[in-house]
Amino acid sequence: MRFSYRWLADYVDLPDPSAEDDGAHVLATQLTDAGLAIEGFEDVPADGDAPADAVLDLEITTNRPDAMNHLGLAREIAVLRDTPLRPPPVGEPSAADDDTTEGQTAAGAAKLVVEDLARCPRYVALVIRGVTVGPSPDGLRRRLETIGVRSINNVVDVTNYVLWETGQPLHAFDLKRLEGAQVRVRPAAEGETLTTLDGVERTLDPSMLVIADAAQPIALAGIMGGADSEVTEATVDVLLESAHFDPATVRRGAKTLGMHTDASHRFERGTDPEACLWAARRAAAMLVDVAGGTLLTGTLEARVSLDPPPPIEIDLDALAAFAGIAIDTEEAVRILTGLGFAVERDAAAADGRRYRVTPPSWRQPDFVDPYPADVYEEVLRIIGLDAIPSTLPAIGDVDAPVAPRIALRRRIQDHLAACGLAEAINFAFLDRARDAAFPSPLGAQQPIALRNPLSERYAVLRRGLLANLVESAHYNLRRGADAVRLFEIGHAFGDDRDAPVPDALRESDLDGVAELETVALVLGGRAGTPWEGGRTFDVFDLKGIVESLAARCGVALVARPADADAVVAGYGTHGLRAGAAATLHRANRANDAPAVGVIGLLADAGAGARSQTGLDLAVAELRVAALLPETDARLGVTVPPRQPGITVDTTLNHPRDVAWTTIAAAIDDARVDDLRTARLKDRYTGKGVTAGTVNTTISFHFQSDARSLTQDEVNDRHQALARALTERFGA
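What counts and what doesn't
Note on numbering: residues in each chain are counted from 1, in written sequence order. Per-residue local features are limited, in this predicted model, to residues with pLDDT of at least 70; the limit for side-chain atom pairs, both in listing and counting, is 80 or more; totals at the level of whole chains, interfaces and linings are taken over all residues. Hydrogens and waters are ignored; side-chain quantities use all the structure's heavy atoms. Any two strands with at least two DSSP bridges between them are considered paired. Put simply, DSSP marks the helices as runs of H or I at least four residues long and the strands as runs of E at least two long, and each gets a number from the N terminus on. For helices, the fitted line uses only the C-alpha atoms of the stretch in contact; every axis is such a line through C-alpha atoms, and the angle between N-to-C directions lies from 0 to 180 degrees. Between buried and exposed lies partly exposed: a residue is buried under 20% and exposed over 50% of the maximum accessible area for its type, with that area taken using a 1.4 Å probe on protein chains only. Put simply, buried Ala, Val, Leu, Ile, Met, Phe, Trp, Tyr and Cys residues joined by side-chain atoms within 4.5 Å make one nonpolar core. We call two residues in contact when some of their heavy atoms are within 4.5 Å. Any Lys or Arg side-chain nitrogen located within 4 Å of an Asp or Glu carboxyl oxygen qualifies as a salt bridge. Should an angle fall under 35 degrees it is taken as roughly parallel, and over 145 as roughly antiparallel, whereas 65 to 115 is taken as roughly perpendicular and any remaining angle as oblique. Put simply, a crossing is left-handed when the front helix is turned counterclockwise from the back one by less than a right angle, and right-handed when it is turned clockwise. Following the grouping adopted for this structure description, the nonpolar residues are Ala, Val, Leu, Ile, Met, Phe, Trp, Tyr, Cys and Pro, the charged ones are Asp, Glu, Lys and Arg, and the polar ones are all others, Gly among them. Stacked, edge-to-face and tilted labels apply to pairs of Phe, Tyr and Trp rings (six-membered ring for Trp) whose centres lie within 6.5 Å, assigned for plane angles under 30 degrees, over 60, and everything in between, in that order. Here, a charge over a ring means that NZ of Lys or CZ of Arg falls within 6 Å of the ring centre while also lying within 35 degrees of the ring normal.

Colleague: Mind showing me how you'd approach the sheet that holds strand β1 (residues 2–4) here?
Modeller: Backbone-to-backbone hydrogen bonds join strands into a sheet, with any given pair of strands oriented parallel or antiparallel. The sheet built from three strands is open, its strands ordered β1-β3-β2 with antiparallel pairing. Of all strands in the sheet, those bounded by a partner on one side alone are β1 and β2 (37–44). Along the sheet, successive strands turn relative to each other by an average axial angle of 25°, direction set aside. Of the strand pairs in this sheet, β1 and strand β3 (residues 53–59) are connected by three bridges, and their pairing is antiparallel. Considered in β3, the bridge of R2 is made with D57.

Here is the structure:
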């Protein structure tokens, strides 16, 4: 919205716009700091007798219609610069007040009827006889053109000038073209038409308010006048309208008709109902000055009494606490008074820092159901928010601890990122085919269908995270990525009505909805370059990441081999490759404890990009709750023993269907003294190994905290352990 610097200077003292120390650029900065942001700035060179000017392009927010005019903006400047405001003069009627000759008063020249006072709470009209319509004086024309308003004629230009001066929209009718010399404010009839000033015939409906004469509509209330009553060079008598219309009615009508005018822009946001008569008299005085004629005595007016806003009780000590700086009482009162607020000291307050503040009529749209903070903001924006130091609020007590589930989620994210995985975030929707193709922690439940899916690809809520995460991996591999390392934390959903989730797995109280929080991982591709001796990621790399994640969270997980398409306590392994699939379980739990996750290689049918990339994808998904430790999982420091240790290998020949996890559990059960670690070193099948068996080589590390072990002691412990394993698993 454009404003002329010279025009503003009519109402408030301002230096020359080109002054470097206090000119238009300085004013632009002051207005921006006060919340009236400058969007553009334009120097206007001198033109003949007209001095140089400057145009300020301001962003006036919707809640500040009072600042959408030069007088309102000058009021802000006067308070900012602590200088007096000079409102423009208002003319008096040129005829004698006691002259009641027929036709010489407004009431004798025209008739006003307002049928809808709810949507037109105030309507004012003045009558000027004997005007001469023609070009505007240079000064008036130049003022309008400087801010981008086209000059039309002296009568219309005056209404536009007063609009941009006071913020009150006005309209001038040719009185002789009004049927019956009447002005009626009424709802439009259904299907009624009106040709507006832009030459467009518009079809109206009863939701719109019109200005009509005795026969037909002559204007759209608050939006645009009609062509049949516009002022032309033949106009002699003018009826000048100044009204207040309901903002919602104007907004709805303008939107329905696809119109936007300077008048509707202001009426939609709320104009000042108390400015109607004042602005009309200001315009009438200017009309008589530039177009001649006589202003008839009296006023055509209809209005309803609008309830004044209740006063707002403020406490300047609360304002100081609100701002964090000391606020001088006199300065706060000066600012509020200068902005038009009525300020009354609360006599009952002993400290003299409490006041009752009533907003002016032009600010009432911005103070509907106000709070004291709304008044505090007015003071602070004039003082300047930059004058308020940045300080942190005092915290009187210690922070609440982070909820265990939130801390666990952060721990998972941090650890997987440290392992080189990138976090992905996918939609919680997918299609039924992909949902059924991957393992799910809610395998027994049917998916929940969406009533209004975005597309068929997003028809159901996901029952697991792997489907979307694998698709993200494929997307990257098809575009030339050497490797993918992704993880995602999110919720899986299932229909719980036909196959209820066991209470041990339930994490949601929603009726008929099973909901679990899970973490999914996908790993595949080549680690490093061939020059660096790079190799291809496999399922054991992913298993190591999962085990390290569990250790970081303070729990232990074991992988139990599972046949493809097997279902272990509700957790399916379909979609994984036979012989390379396992379920995950919490360690030290019963063998029949529910699975908490699944890990393995994708079957060829589910590895969509494999034919193009030649790469396998290892995937895993497990319940986040399974990583929640039973005790605090803070990292501790283990001091290494001072004594040396001895490592001894043994090779066990056993049936191939005996998993390493089973052997590892048996080693733990043996409880051999001074055994620190037992690690799988090698598994061999081939020449020299009986069919159906496998040779597993295990490294045992023995070490004592108290002393160095002798070789004989190590041999005894080693042989005892080997005998126990051979008796239990030996082929």
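Still more to cover.
Colleague: Would you mind going over the sheet that holds strand β31 (residues 646–655) with me for this structure?
Modeller: Reading across from one edge, β31-β33-β32 is the order of the three strands in this open sheet, with antiparallel pairing throughout. Edge positions in the open sheet fall to β31 and β32 (675–684), since each of these has one partner strand only. Direction aside, the axes of adjacent strands within the sheet are offset by 25° on average. As judged from the 10 bridges shared by β31 and strand β33 (residues 693–702), these two strands associate in the antiparallel manner.

Colleague: What is the right way to look at the pairing of strand β22 (residues 483–495) in this model?
Modeller: If a strand is regular, its side chains alternate between the two faces of the sheet. Across the 13 residues that make up β22, a large majority, 10, are buried. As paired elements, β22 and strand β23 (residues 513–527) share 13 bridges and run antiparallel to each other. By the bridge assignment, R485 is partnered in β23 with L523.

Colleague: What should I look at first to understand the nonpolar core in this one?
Modeller: Side chains that are nonpolar tend, in soluble globular proteins, to be buried together. Ranked by size, the top nonpolar core spans 53 residues in total, and within it L31, L58, L73 and I77 carry the most contacts. It is helix α9 (residues 276–291) that provides the largest number of residues to this core, a total of nine residues. In contact with L58, not counting residues within four places along its chain, are M1, F3, L31, L36, A37, I38, E39 and L73. Counting 39 residues, the second-largest nonpolar core is a separate cluster that includes Y123, F173, M224 and A243.

Colleague: Just checking my understanding: could you explain the side chain of E268 for this structure?
Modeller: Position of E268 among the secondary structure elements: in the loop between α8 (262–267) and α9. The residues touching E268, leaving out its near neighbours within four places in the chain, are P247, V250, R251 and A254.

Colleague: Is there a simple way to explain the pattern of salt bridges in this structure?
Modeller: Where charged atoms from two side chains of opposite charge approach closely, those side chains can pair. According to the stated counting rule, one finds 44 salt bridges in the structure shown. Here K681 ties to D649 by a salt bridge, and the two come within 2.6 Å at their closest N and O atoms. Placement of K681 in strand β32 and of D649 in strand β31 is noted, with a sequence separation of 32 residues between them. Taking relative accessible area as the criterion, K681 reaches 54% and is therefore assigned exposed. Within the structure, one salt-bridge network assembled from shared partners comprises R64, D66, E76, R363, D366, E378 and R381.

Colleague: What's the story with the packing of helix α18 (residues 660–670) against helix α19 (residues 711–729) in this structure? I'm lost.
Modeller: In helix packing, the relevant descriptors are the interaxial angle and the interaxial distance, both defined with respect to the helix axes. The N-to-C vectors of α18 and α19 enclose an angle of 135°; their axes lie 10 Å apart at closest approach. With respect to α19, the element α18 is oriented oblique. Handedness of the α18/α19 crossing: right-handed. On the side of α18, the interface is formed by T662, I663, A666, I667, D669 and A670, while α19 contributes L721, L725, R728 and F729. Taken together, the residues that form the contact of α18 with α19 break down as seven nonpolar, one polar and two charged.

Colleague: Explanation requested: unusual backbone geometry in the structure shown.
Modeller: Trans is the common state for peptide bonds, and a negative phi is the common state for residues other than glycine. One non-glycine residue, A181, lies in positive phi territory at about 50°. Structurally, A181 is set in the loop between β6 (170–174) and β7 (182–187). Phi at D674 is positive, roughly 65°, even though this residue is not glycine. Following the sequence through the fold, D674 ends up in the loop between α18 and β32. On the basis of relative accessibility, which here comes to 25%, the residue D674 falls in the partly exposed class.

Colleague: Just to check I follow, could you spell out the packing of aromatic side chains for this structure?
Modeller: Two measures describe an aromatic ring pair: the distance that separates the ring centres and the angle between the ring planes. Applying the stated criterion to the full structure yields seven aromatic pairs. Note on W7 and Y161: the rings are 4.5 Å apart at their centroids and 25° apart in plane angle, and the pair reads as stacked. One end of the pair, W7, is in helix α1 (residues 5–8); the other, Y161, is in helix α6 (residues 154–166), and 154 residues separate them in sequence. Judged by relative accessible area, Y161 falls into the buried class, the value being 7%. An angle of 45° between the planes, with centres 6.5 Å apart, marks the rings of F700 and F702 as tilted. We note that F700, like F702, is buried. Above the ring of W164, the side-chain terminus of R266 is found at 4.6 Å from the ring centroid. The ring of Y475 carries R479 above its face, with NZ or CZ at 3.6 Å from the centroid.

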